[in-house]
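Descriptive structure summary
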Amino acid sequence: VVGGDHVIEANAQTGHVGRRGTEALVKGKSHIVAIRPRYAEGEVEKVVAQAQTYVGRRYDWGANLDDSKLGCVELPYHALAKAAPKHAIPVSRLW
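Residues numbered from 1 in each chain as written. Predicted model: local features only at pLDDT ≥ 70, side-chain atom pairs only at ≥ 80, totals over all residues. Heavy atoms only, no water.

Points about the environment of Leu70
Examined against the element boundaries, Leu70 turns out to sit in the loop between helix H2 (43–52) and helix H3 (74–83). Sequence-wise, Leu70 and Gly15 are 55 residues apart; in three dimensions their C-alpha atoms are separated by 9.7 Å. Not counting residues within four places of it along the chain, the set of residues in contact with Leu70 comprises Ala10, Val17, Tyr54, Arg58, Tyr59, Asp60, Leu75 and His78. (Helix = DSSP H or I, 4+ residues; strand = E, 2+ residues; numbered from the N terminus. Contact = heavy atoms within 4.5 Å.)

Section: the pattern of salt bridges
Throughout the structure, instances matching the rule amount to three salt bridges. Note that Glu9 is salt-bridged to Arg20, the shortest N-O span being 2.9 Å. With a gap of 11 residues between them, Glu9 in strand E2 (residues 6–11) and Arg20 in strand E3 (residues 16–21) connect regions that are remote in the sequence. Judged by its relative accessible area of 23%, Arg20 is partly exposed. Between Asp67 and Lys82 there is a salt bridge; the shortest N-O distance is 2.4 Å. A residue pair is termed long-range when its members are at least 10 positions apart, and Asp67 in the loop between H2 and H3 and Lys82 in helix H3 qualify at 15 residues. Using a relative accessible area of 46% as the deciding quantity, one classes Lys82 as partly exposed. A cluster of three or more residues bridged by salt bridges with shared partners is formed by Arg57, Asp67 and Lys82. (Salt bridge = Lys/Arg side-chain N within 4 Å of Asp/Glu carboxyl O. Buried < 20%, exposed > 50% of the residue type's maximum accessible area, 1.4 Å probe, protein only.)

With respect to the confidence of the model for the protein chain
Confidence in the prediction of the protein chain, expressed as mean pLDDT, is 86, and 97% of residues score 70 or more. Averaged pLDDT values over the elements of the protein chain bottom out at 70 in strand E1 (residues 2–3) and peak at 93 in H2. (pLDDT = per-residue confidence, 0-100.)

Topic: the packing of H2 against H3
Close contact between H2 and H3 brings their axes to 8 Å; oriented N to C, the two are set at 125°. The orientation of H2 relative to H3 falls into the category oblique. Between H2 and H3 lies a crossing whose hand is right-handed. Packed against H2, whose contacting residues are Lys46, Val47, Gln50 and Ala51, the element H3 presents Leu75, His78, Ala79, Leu80, Lys82 and Ala83 at the interface. In terms of residue class, the contact of H2 with H3 is made up of six nonpolar, two polar and two charged. (Axes fitted to C-alpha atoms, helices over the stretch in contact; angles between N-to-C directions. Parallel < 35°, antiparallel > 145°, perpendicular 65-115°, else oblique. Left-handed = near helix turned anticlockwise from the far one by under 90°. Nonpolar A, V, L, I, M, F, W, Y, C, P; charged D, E, K, R; others polar.)

Given below as structure tokens:
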């Protein structure tokens, strides 16, 4: 989830959800997927704010859909579902 000059990501290498500069992300060995729904005014900020609440949570290796731990797919899934539900990713499209 992009928030200004940083990305909020669930990172398997660090084992948690954290922030990383967008420049470092693009230059590194990362897989990037862009999801760009047609957000209503204020929805982007709500999604970013929701994603920020997950910073510090442990990485989820089990791919369960609760938000106590989050994997790379689960982070945008939960941020969108809670902050912009009409743009939520259907579970059937996650894996």
